[in-house]
Amino acid sequence: MADQKSVHSKRSILLGVGVLFHLIYLWSIFDIYFVSPLVHGMDQHKSTASAPAKRLFLIVGDGQRADKTLGKIYHPRTKKEEYLAPYLRSIILNEGTYGLSHTRMPTESRPGHVAMIAGFYEDVSAVTKGWKENPVDFDSVFNQSTHTYSFGSPDILPMFAQGATEGKIDTWMYGNEFEDFTSSSIELDKFVFNHFYQLLENSTTNAQLDEEIRQDGNVFFLHLLGTDTSGHSYRPYSAEYYDNIQYTDAEISKLVEKVHEFFGDEETAFVFTADHGMSDFGSHGDGHPNNTRTPLICWGKGCNKPVKIDPSSNDFLRDKFESDDMANWDLDDVKRNDVKQADIASLMSYLIGTNYPMNSVGELPMAFIDDVESNKVKGLYYNSLTLLEQYIVKLHEVKDNQFNFKGFSKFEDKSVESYKANIEKVIKLMDVNTELESEAVLLIEEFNSVILEGLDYLQKYNWLMIRTIVTFGFIGWIVYSFTIFLQMFIIPHEKLFRYEGMHLVRKFFFISFTSVMLYIFQYENLPLKYYFYLLFPIFFWYNIFKYKTDLVKGFNIFFKGLSNIWKVLIFFGIVVFFESIAVGFENREVL
């Protein structure tokens, strides 16, 4: 084995290189998986030329589970089985359209509200802000509205005012001290309703405020944190949680009546939903169905009436999980329309006739809308054009900095112009043949799907290169450190390889490869840290080839007495073990 001085020297080098390598490569995770998908500079598209509703109320029951909202529940206080939200239930049965809104992880308040109001899912770069705020400004339904009046938590309301047009969004918030988990959570929601009613009252003595409140295209946002607070404190099967749902349901009933009375019409659209659900443990954040399934109810002007169906034709009842979940809803004969959470932004935009939010990836849920079918089809197409704007900006952003750009295959096979021409042709023909409406919808939905795939392709365009570099870096580190270990402790000192210079061909290969990669990095204007990602695999593999004689010799000594089959099995077992850990992050049953 090597002498003590040599061992100390190699150990110091290994420790220094290892610490530096892992610190720098830790950041590569952020450059691969946590890069913001948001782009700016897009043209906007109006959802519809004729808004179905004059104004919109968005009511969000924070942390309110779908099954608790829709089902018959045993209440521990009353000792009875009852529907906790009888008013909302009456809306589903008689006046509006309902379904479930499916959220994405992380099932937290900020990303949930961003999805439903701005139309895009978690900006992964927010990890650098501790998931507390979006580091990149974004557009929203509130910013596109004529004016938005928002009431609720200081954790939610300010983020929509940040980056919005100045003076566009007003907020009424309680102090952070109100979010006291030891006090009644109903007080939080009472604040919201009382301050909204106070706003209406103030307008009776303020002509300018009265005129502003009555403008078409206004949004009123009521953020009800009570259910989330009581769920965390007492769990979502507690009397406190159920009481909070009952309270908000009763208050929504009063609110609708007062809104109709104040405005003197029935031109208001109402949307009730939740940002996320809650587990039985009183937590949320992961992808459990109790966290990702939230209620969505739309009623009022511009919202479709319930569609009654034969329970035997209810597709959800064919799924065992859905059938079990709906068992105590007693809504088998009412058509249920599920959406992705980001679709709610497109729905709200259409109801009041605003531009779709620039960063929205939601798709217009036509089943919720009561309007002329041709208008809805056009609204869906304008939705596609909003998605397309993002694709075009992202395309130029990626393409302009690529050494050898490869376009998205589906748009290579069928161009954007071809998709648009086909859709616009069918839309024109709809005026004389309404039977073409369903064909137009199918074409637009296909177009939407391809655009979203294209956006994902562009977002991950550089993944192959950076992940390959990082992979070779980690493999190189493993082999390099194993080689040092063999030199220090396994191979006798007198048998160590005496380096006398690398073969000319290998030296030429490393110099050429490094030069080419540096040129590509410079051409693509990649940040400085990418050069460090490249430096380590080059250093590791240079030294591996430099001391490959020691690697082979030490390997044979280390595994002396084992057959080649056993060596292969040991290697294979190690790979399977670590791959199982990696796969287990997404498929927990592997663990």
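Residues numbered from 1 in each chain as written. Predicted model: local features only at pLDDT ≥ 70, side-chain atom pairs only at ≥ 80, totals over all residues. Heavy atoms only, no water.

## What to know about the overall build of the protein
Turning to step 1, where the next piece is worked out: The helix and strand inventory of the protein stands at 22 helices and ten strands.
Turning to step 2, where the next piece is worked out: Principal-axis analysis of the C-alpha atoms places the extent of the protein at approximately 95 × 60 × 55 Å.
Turning to step 3, where the next piece is worked out: Burial analysis of the protein (591 residues in total) assigns 49% to the buried set.
Turning to step 4, where the next piece is worked out: Split by element, the accessible area of the protein, about 28,600 Å² in all, is 57% carbon and sulfur.
Turning to step 5, where the next piece is worked out: For the protein, the distance from the average position of its 55 positive side-chain charges to the average position of its 77 negative side-chain charges is 11 Å. (Helix = DSSP H or I, 4+ residues; strand = E, 2+ residues; numbered from the N terminus. Buried < 20%, exposed > 50% of the residue type's maximum accessible area, 1.4 Å probe, protein only. Areas by Shrake-Rupley, 256 points an atom, 1.4 Å probe, with all protein chains shown as cover. Lys, Arg positive; Asp, Glu negative; His and termini not counted. Charge placed at Lys NZ, Arg CZ, Asp CG, Glu CD.)

## Quick word on the sheet that holds strand β5 (residues 148-152)
Turning to step 1, where the next piece is worked out: Read from one edge of the open sheet, eight strands run β6-β5-β7-β1-β8-β9-β4-β10, paired in mixed fashion. Of all strands in the sheet, those with a lone pairing partner are β6 (169-173) and β10 (339-340), marking the two edges.
Turning to step 2, where the next piece is worked out: Pairing analysis gives six bridges linking strand β4 (residues 97-102) to strand β9 (residues 293-300), with the strands arranged antiparallel. What sits directly across from Thr97, in β9, is Cys298. (Pairing = 2+ DSSP bridges.)

## Some words on the packing of aromatic side chains
Turning to step 1, where the next piece is worked out: Considering all chains together, one arrives at 61 aromatic pairs under this definition.
Turning to step 2, where the next piece is worked out: Centroid distance Tyr25 to Tyr533: 5.8 Å. Interplanar angle 85 degrees. Geometry classified as edge-to-face. A residue pair is termed long-range when its members are at least 10 positions apart, and Tyr25 in helix α1 (residues 4-33) and Tyr533 in helix α20 (residues 528-546) qualify at 508 residues. Residue Tyr25 shares its accessibility class with Tyr533, and that shared class is buried.
Turning to step 3, where the next piece is worked out: An aromatic cluster is defined as three or more aromatic residues linked by ring pairs; in this entry it consists of Phe21, Tyr25, Phe474, Trp477, Tyr480, Phe521, Tyr530, Tyr531, Tyr533, Phe536, Phe539 and Phe540.
Turning to step 4, where the next piece is worked out: When the ring centre of Tyr547 is taken as reference, the NZ or CZ atom of Lys10 above it lies at 5.9 Å.
Turning to step 5, where the next piece is worked out: In this arrangement the basic side chain of Lys258 is found over the ring face of Tyr197, its NZ or CZ atom lying 3.9 Å from the centre. (Phe/Tyr/Trp six-rings, centres within 6.5 Å; stacked < 30°, edge-to-face > 60°. Lys NZ or Arg CZ within 6 Å of the ring centre and 35° of its normal.)

## Considering the state of the cysteines
Turning to step 1, where the next piece is worked out: Evaluated as defined, the whole model comprises one disulfide.
Turning to step 2, where the next piece is worked out: With a sulfur-sulfur separation of 2.2 Å, Cys298 is cross-linked through a disulfide to Cys303. Measuring handedness by torsion sign, the sulfur bridge of Cys298 and Cys303 sits at about -55 degrees and is left-handed. Here the two residues Cys298 and Cys303 agree in accessibility, since each one is buried. (Disulfide = S-S within 2.5 Å.)

## Side note on the pattern of salt bridges
Turning to step 1, where the next piece is worked out: Under the criterion given, the structure shown has 21 salt bridges.
Turning to step 2, where the next piece is worked out: A salt bridge links Asp67 to Arg65; the shortest N-O distance between them is 2.8 Å.
Turning to step 3, where the next piece is worked out: When its relative accessible area of 16% is taken as the criterion, Asp67 is described as buried.
Turning to step 4, where the next piece is worked out: For Arg65, a relative accessible area of 3% puts it in the buried group. (Salt bridge = Lys/Arg side-chain N within 4 Å of Asp/Glu carboxyl O.)

## Topic: the side chain of Gln144
Turning to step 1, where the next piece is worked out: Topologically, Gln144 is positioned in helix α5 (residues 141-144).
Turning to step 2, where the next piece is worked out: Judged by its relative accessible area of 16%, Gln144 falls in the buried class.
Turning to step 3, where the next piece is worked out: Setting aside residues no more than four positions away along its own chain, Gln144 makes contact with Gln44, Asp139, Thr354 and Asn355. (Contact = heavy atoms within 4.5 Å.)

## What about the packing of helix α14 (residues 373-399) against helix α17 (residues 437-459)?
Turning to step 1, where the next piece is worked out: Put simply, α14 and α17 touch, their axes get as near as 9 Å, and they point 20 degrees apart. Considering the angle they form, α14 stands roughly parallel to α17. In the crossing of α14 with α17, the sense of the turn from one axis to the other is left-handed.
Turning to step 2, where the next piece is worked out: Looking at side-chain class alone, the contact of α14 with α17 contains 16 nonpolar, six polar and four charged residues. (Axes fitted to C-alpha atoms, helices over the stretch in contact; angles between N-to-C directions. Parallel < 35°, antiparallel > 145°, perpendicular 65-115°, else oblique. Left-handed = near helix turned anticlockwise from the far one by under 90°. Nonpolar A, V, L, I, M, F, W, Y, C, P; charged D, E, K, R; others polar.)

## Brief notes about the pairing of strand β2 (residues 72-75)
Turning to step 1, where the next piece is worked out: Burial along β2 is one-sided: Ile73 and His75 are buried, and none of Lys72 and Tyr74, which face the opposite way, are.
Turning to step 2, where the next piece is worked out: Bridging between β2 and strand β3 (residues 80-83) involves four bridges; their strand directions are antiparallel. Each bridged residue has a counterpart across the sheet, and for His75 the counterpart in β3 is Lys80.
Turning to step 3, where the next piece is worked out: In sequence, β2 turns back onto β3 through a hairpin of four residues, with Lys79 there showing a positive phi of about 60 degrees.

## So, a nonpolar patch on the surface
Turning to step 1, where the next piece is worked out: Taken together, Leu562, Ile565, Trp566, Leu569, Ile570, Ile574, Phe577, Phe578 and Ile581 make up a surface patch of nonpolar side chains, about 900 Å² in accessible area.
Turning to step 2, where the next piece is worked out: Mapped onto the secondary structure, Phe578 falls in helix α22 (residues 564-584). (Patch = residues over 30% accessible without salt bridge, like charges linked within 9 Å, V, L, I, M, F, W, Y side chains within 5 Å.)

## Details of the nonpolar core
Turning to step 1, where the next piece is worked out: In this structure, Phe160, Val271 and Phe411 are the most contacted members of the largest nonpolar core, which totals 66 residues.
Turning to step 2, where the next piece is worked out: Leu255, Val256, Ile297 and Met326 belong to the second-largest nonpolar core, a separate cluster that totals 45 residues. (Core = buried A, V, L, I, M, F, W, Y, C linked by side-chain atoms within 4.5 Å.)

## Brief notes about the packing of helix α7 (residues 186-203) against helix α10 (residues 239-263)
Turning to step 1, where the next piece is worked out: Two elements in contact, α7 and α10, have axes whose closest approach is 10 Å; the angle formed by their N-to-C orientations is 10 degrees. Relative to α10, the element α7 lies roughly parallel. Contacts between α7 and α10 involve Ile186, Asp189, Lys190, Phe193, Phe196, Tyr197, Leu200 and Ser203 from the first element and Asp243, Asn244, Tyr247, Thr248, Glu251, Ile252, Lys254, Leu255, Lys258, Val259 and Phe262 from the second.

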